[in-house]
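Structure assessment
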Amino acid sequence: MVLELQNVSFTIDHTTILKNITGRFHKGKITTLVGPSGAGKTTLLKLCNNLLTPTSGTLYLDGQPFSEIEPTVLRREVGMALQAAPMINGSVYDNLQLPRKLANQSLSITEAEKFLHAVGLSSSLLQQVANDLSGGQRQRVSIARTLVNHSHVLLLDEITSALDRTAVSEIEQLITTLNQQHGVTIIWITHNLQQAIALSDNVWVMVDGELIATGEPTILTHPTNEVIRQFVEGALR
Ligand SMILES: Nc1ncnc2c1ncn2[C@@H]1O[C@H](COP(=O)(O)OP(=O)(O)OP(=O)(O)O)[C@@H](O)[C@H]1O
Ligand SMILES: [Mg+2]
């Protein structure tokens, strides 16, 4: 699915956090959002999931303005995973079933096992207390939960920041597989520029609420302007 922003601004408490952002997240591609802390990356991601509504401008999913899409449909189509991978109290199964429960449906054990396998976890974890899982396992369950919804777009906010190196590369591999084998459109905030360069088809560079550049990862390896160059140098230092 194509997610598009047109002249999107977001202001809260008289502070403009996002300034007139226009751009398109290409279908079936991995786009990473990079930029200094406070640039507005998380705010932009929340707009993409309708957790926030723009002050002005419009977001579109496959050409349809968000305002014309049923909120539950939008939430299902556009899944989100966060750094902390928050879990509800209960088992892994309870957590996987959550999206269905919210829609007054259920998830069979067999289906739940299938989703666990899809993220590389053993079905023996199904009845384990979710909050007892390791960071990497929690992140996988969090991603599996978005699969339960069959989301076509996945928003990821620094999902590997709290993980050790092995877990990071496992999660990177999982996201690449979801993208390549299931065609899921990925929008990924990362502060890890090596990760952005290695994994993305496209990069968005945000500074101070503005989208200052978009393009292939070469815009990071061969910056064409001073603002990007300074950001990249600082981030790689
Ligand atoms: N609800 C809010 N009320 C007021 N200011 C806010 C609110 N949410 C975010 N901000 C401000 O908006 C700016 C952008 O925040 P945002 O969380 O989107 O940045 P970010 O790029 O995700 O940063 P980081 O890399 O640190 O996660 C920050 O200056 C933040 O303080
Ligand atoms: Mg953030």
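Just so you know, these numbers come straight off a predicted model, no measurement behind them.

**Considerations on the site of ligand 1**
In the vicinity of ligand 1, the contacting residues are I12, D13, T15, I17, G35, S37, G38, A39, G40, K41, T42 and T43. Sorting the residues of the shell around ligand 1 by element identifies β2 (15–25) and α1 (41–48) as the ones contributing at least two each. Considering each element in turn, the shell around ligand 1 owes the most residues, three residues, to α1. Among the residues forming the shell around ligand 1, the class breakdown is three nonpolar, seven polar and two charged.

**Considerations on the nonpolar core**
One finds C48, A144, L155, I187 and V205 to be the most contacted residues of the largest nonpolar core, which totals 62 residues. Ignoring any residue separated from it by four or fewer positions in sequence, one finds L155 in contact with L45, C48, N49, V78, G79, M80 and I187.

**Comments concerning the pairing of strand β9 (residues 202–207)**
Note on strand geometry: in a regular strand, side chains alternate between the two faces of the sheet. Taking burial as the measure, the six residues of β9 include five buried ones, the bulk of the element. Relative to β9, strand β3 (residues 30–34) is paired through four bridges, and the arrangement is parallel. Looking across to β9, one finds that T31 is bridged to N202. Bridge analysis of β9 against strand β10 (residues 210–215) gives five bridges, and the strand direction is antiparallel. The partner of W204 across the bridge, within β10, is T214. Counted along the chain from β9 to the antiparallel partner β10, the turn is two residues long, and its residue D208 has a positive phi close to 55 degrees.

**Points about the packing of helix α3 (residues 92–102) against helix α5 (residues 135–148)**
Relative orientation of the contacting elements α3 and α5 amounts to 35 degrees, with a least axis distance of 8 Å. Once α3 is placed against α5, the crossing between them reads as right-handed. Contacts between α3 and α5 pair V92, N95, L96, L98, P99 and R100 from the former with V141, A144, R145 and V148 from the latter. Across the contact of α3 with α5, the residue classes tally to seven nonpolar, one polar and two charged.

**Side note on the sheet that holds strand β4 (residues 56–61)**
The strand order across the open sheet built from four strands is β2-β1-β4-β5, with neighbouring strands paired in antiparallel fashion. Two strands bound the open sheet, and with one partner strand each, they are β2 and β5 (64–65). With five bridges connecting them, strand β1 (residues 3–12) and β4 associate as antiparallel partners. In the sheet register, L3 faces β4, and the bridge partner there is L61.

**Some words on the UniProt feature "domain: ABC transporter" (unreviewed entry) in the protein**
Residues given the UniProt feature "domain: ABC transporter" (unreviewed entry) here are residues 3–233. As annotated, residues 3–233 comprises 38% helix and 26% strand, and the C-alpha atoms at either end are separated by 30 Å.

**A look at unusual backbone geometry**
Look at H14: it is not a glycine, yet its phi comes out positive at around 65 degrees. Of note, H14 is situated in the loop between β1 and β2. Of note in this structure, N20 is not a glycine but carries a positive phi near 50 degrees. Position of N20 among the secondary structure elements: in strand β2. Its 15 C-beta neighbours within 10 Å are what place N20 among the partly exposed residues.

**What about the sheet that holds β3?**
Strand order in the open sheet formed by six strands is β6-β7-β8-β3-β9-β10, with mixed pairing between adjacent strands. Looking at which strands have only one partner, the edges of the open sheet turn out to be β6 (78–82) and β10. Pairwise comparison of adjacent strand axes, ignoring direction, gives a mean angle of 15 degrees for this sheet. Of the strands in this sheet, β9 and β10 touch helix α9 (residues 226–236), which is tilted by about 95 degrees from β9.

Reading guide: rules and limits
- Residues numbered from 1 in each chain as written.
- Chains lettered and ligands numbered in written order.
- Predicted model: local features only at pLDDT ≥ 70, side-chain atom pairs only at ≥ 80, totals over all residues.
- Near = placed C-beta within 6 Å.
- Helix = DSSP H or I, 4+ residues; strand = E, 2+ residues; numbered from the N terminus.
- Nonpolar A, V, L, I, M, F, W, Y, C, P; charged D, E, K, R; others polar.
- Core = buried A, V, L, I, M, F, W, Y, C linked by C-beta atoms within 7 Å.
- Buried ≥ 20, exposed ≤ 12 C-beta atoms within 10 Å, placed from the backbone.
- Contact = placed C-beta atoms within 7 Å.
- Pairing = 2+ DSSP bridges.
- Axes fitted to C-alpha atoms, helices over the stretch in contact; angles between N-to-C directions.
- Left-handed = near helix turned anticlockwise from the far one by under 90°.
- UniProt positions renumbered as here; feature names shortened; annotations may be inferred.

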